[in-house]
Amino acid sequence: MNFQLSEEQTAARDAARDFARNHLLPGVIERDDKASFPKEQVKLMGEMGFMGMMVDPYYNGGGMDTVSYVLAMEEISKIDASCSVIMSVNNSLVCWGLEKYGSEAQKEKYLRRLATGELLGAFCLSEPEAGSDATSQKTTAEDGGDHYLLNGTKNWITNGGSADIYLVMAQTDAAKGHKGISAFIVEKASDGFVVGKKEDKMGIRASDTHSLMFTDVQIPKENRIGEEGFGFRFAMETLNGGRIGIAAQALGIAAGAYELALGYSKERKTFGKPICEHQAIQFKLADMATEIEAARLLCLKAAYLKDSGLDYSQFSAMAKLYSSKVAMETATEAIQIHGGYGYVKEYHVERLFRDAKITQIYEGTSEIQKIVISRGLLK
Ligand code: CAA
Ligand code: FAD
């Protein structure tokens, strides 16, 4: 067993750390407060190669492994979890799904520009009545000869208002249940495609989450990904990798909160000494550091399995389940260590606390991760 990172992996981590400190930290509180989409920052992330890290260089990607991606996601999430979810959706849901299952023509037309961040992608599975119960898709895509007619509503779509390209799951044959779901590439400019209102969220407020409405949207047949009926498997396989990205986001939120708490505990004095000299605070720090390290190992193991071509679905679910729990617990304790100062925006930990919660909900709630894990165990 080798826990040593390669030079390339270390470089990816360090580049992301520098980028986050220099370009994401300035203005992060204001962007969160105003819920303003980080357009400039996302453009820079594309230029720096963070929007298509794992894509083959032939399609303009970084050609990096999943371990490097996890390391970069952790660093960016320490500072700005809104930017990291935008990055995660583009990398591990949209680019990965297209590169793995898209046709050559689809890759030429879309992937090349998604990998550089010139185009931004969104992944559209959830509906008002199909969140955890994702097989209950109501959106339909009816065969119209050389095209499909798309009708329905998607909910909670990250990058919903800012994306250019949307991967949309829809029923092409409802009688077949989840085996009748297909996946499509939909361009924003399509007639009949309306972006609904932006959600006013608790956390990751600078990322934009929208419902999307489709009314008789014509999708050319060549924009179907894979065969008819492949859409649910496409979504599940893509989410197996996506969950590693969100696990790394949760890890970064936890590590960011811990680093702030550690630094603060050395500066803040009570009863004549820094609070880090009180054993109660030391024990909190020890628990936080231990749990973060365990979460990191799970994230890296899931990434390693994916990079090695081994089955990683259970490990990605475990990594997400555990890291998101650690994010919630660590952010809570980080506020506690800051006392009253932790409760105000200036010290960043209250934002990390609000951002942590979503990691237990999206890309499959914690309860759904337990279903995925236990089904794997009992199979
Ligand atoms: N990997 C591969 N295949 C999987 C899978 C996985 N992790 N989970 C399920 N499948 C396959 C099953 O093998 C089965 O295929 P076959 O019928 O061909 O054997 C098929 O999917 C249906 O599975 P089940 O019979 O187990 O169906 P179910 O309804 O009992 O459970 C579920 C399915 C696992 C709960 C699934 O609906 C699920 O994962 N729900 C959560 C949805 C989710 O994660 N949404 C995220 C949206 S994207 C997002 O959130 C992005 C963001 O925030 C940034
Ligand atoms: P429900 O499915 O209604 O679940 C409600 C509660 O019941 C949860 O606690 C759940 O765990 C529990 N529950 C449900 N079924 C079971 C069961 N069988 N056993 C035990 N407990 C169960 N979706 C996309 O497709 N693309 C995106 O880009 C995207 N981005 C998102 C961004 C944000 C900010 C948010 C809030 C959501 C986003 N989602 C996205 C949707 C997200 O994936 C869903 O919210 C999530 O899958 C849960 O679905 P739901 O909200 O309908 O909750």
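Rules used in this analysis
- Residues numbered from 1 in each chain as written.
- Chains lettered and ligands numbered in written order.
- Predicted model: local features only at pLDDT ≥ 70, side-chain atom pairs only at ≥ 80, totals over all residues.
- UniProt positions renumbered as here; feature names shortened; annotations may be inferred.
- Helix = DSSP H or I, 4+ residues; strand = E, 2+ residues; numbered from the N terminus.
- Rg over C-alpha atoms; globule rule 2.2 N^0.38 Å.
- Buried ≥ 20, exposed ≤ 12 C-beta atoms within 10 Å, placed from the backbone.
- Contact = placed C-beta atoms within 7 Å.
- Pairing = 2+ DSSP bridges.
- Axes fitted to C-alpha atoms, helices over the stretch in contact; angles between N-to-C directions.
- Parallel < 35°, antiparallel > 145°, perpendicular 65-115°, else oblique.
- Nonpolar A, V, L, I, M, F, W, Y, C, P; charged D, E, K, R; others polar.
- Near = placed C-beta within 6 Å.

- The name recorded for the chain in an unreviewed UniProt entry is Acyl-CoA dehydrogenase family protein, from Negadavirga shengliensis.
- Quoted verbatim from the Sequence similarities (unreviewed entry) field of UniProt, the annotation for the chain is "Belongs to the acyl-CoA dehydrogenase family."
- In its Cofactor (unreviewed entry) section, the UniProt record describing the chain reads: "FAD".

Brief notes about the overall build of the chain
Inference 1: Looking only at helices and strands, one finds 11 helices and 10 strands in the chain.
Inference 2: Taking 379 residues into account, the globule formula puts the C-alpha radius of gyration at 21 Å, and the chain, at 21 Å, falls close to it.
Inference 3: Overall size of the chain, expressed as C-alpha extent along the three principal axes, is 80 × 45 × 40 Å.
Inference 4: Within the chain, the fraction of its 379 residues that count as buried is 53%.
Inference 5: Sequence separation of at least 24 residues holds for 74% of the intrachain contacts in the chain that already meet a minimum separation of 6.

Quick notes on the environment of F315
Inference 1: Among the structural elements, F315 can be located in helix α9 (residues 313-338).
Inference 2: By the C-beta count within 10 Å, which is 24 here, F315 ends up buried.
Inference 3: When the C-alpha atoms of F315 and N159 are compared, they prove to be 27 Å apart, with 156 residues separating the residues in sequence.
Inference 4: Beyond its immediate stretch of four places on either side in the chain, F315 contacts K301, A302 and L305.

A look at the pairing of strand β2 (residues 140-143)
Moving residue by residue along a regular strand, the side chains alternate between the two faces of the sheet.
Inference 1: In this structure, β2 lies alongside strand β3 (residues 147-158), joined through four bridges in antiparallel fashion. The residue of β3 that forms the bridge with D143 is Y148.
Inference 2: With antiparallel pairing between neighbouring strands as the criterion, β2 and β3 make up a hairpin whose turn holds three residues, including G145 at a positive phi of roughly 95 degrees.

A look at the packing of helix α4 (residues 66-79) against helix α5 (residues 81-101)
Inference 1: The interhelical angle for the contact between α4 and α5, taken along N-to-C directions, is 155 degrees, at an axis separation of 8 Å. Classified by the angle their axes make, α4 and α5 are roughly antiparallel. Residues Y69, M73, I76 and S77 of α4 pack against A81, C83, S84, M87, S88 and N91 of α5.
Inference 2: When its residues are assigned to classes, the contact of α4 with α5 shows six nonpolar, four polar and no charged.

Considerations on the site of ligand 1
Inference 1: The local shell around ligand 1 holds 22 residues, among which A134, T158, M236, Y362 and G364 are the closest.
Inference 2: For the shell around ligand 1, the element with the most residues is helix α7 (residues 231-267), which contributes five residues.
Inference 3: When its residues are assigned to classes, the shell around ligand 1 shows 12 nonpolar, eight polar and two charged.

Some remarks on the UniProt feature "domain: Acyl-CoA dehydrogenase/oxidase N-terminal" (unreviewed entry) in the chain
Inference 1: Taking the UniProt record as the reference, the feature "domain: Acyl-CoA dehydrogenase/oxidase N-terminal" (unreviewed entry) is found at residues 6-118.
Inference 2: Segment residues 6-118 splits into 72% helix and 0% strand. End C-alpha atoms: 29 Å apart.

So, the site of ligand 2
Inference 1: Taken together, 21 residues are adjacent to ligand 2, and S126, G131, S132, T365 and E367 come closest.
Inference 2: When contributions to the shell around ligand 2 are tallied by element, the ones reaching two or more residues are β1 (121-124), β3 and α11 (366-378).
Inference 3: Of the residues forming the shell around ligand 2, the biggest block, three residues, is contributed by β3.
Inference 4: Here the shell around ligand 2 is composed, by residue class, of 10 nonpolar, seven polar and four charged.

A short note on the UniProt feature "domain: Acyl-CoA dehydrogenase/oxidase C-terminal" (unreviewed entry) in the chain
Inference 1: As recorded in UniProt, the feature "domain: Acyl-CoA dehydrogenase/oxidase C-terminal" (unreviewed entry) lies at residues 231-378.
Inference 2: Secondary structure over residues 231-378 splits into 78% helix and 3% strand, and the C-alpha atoms at its two ends are 26 Å apart.

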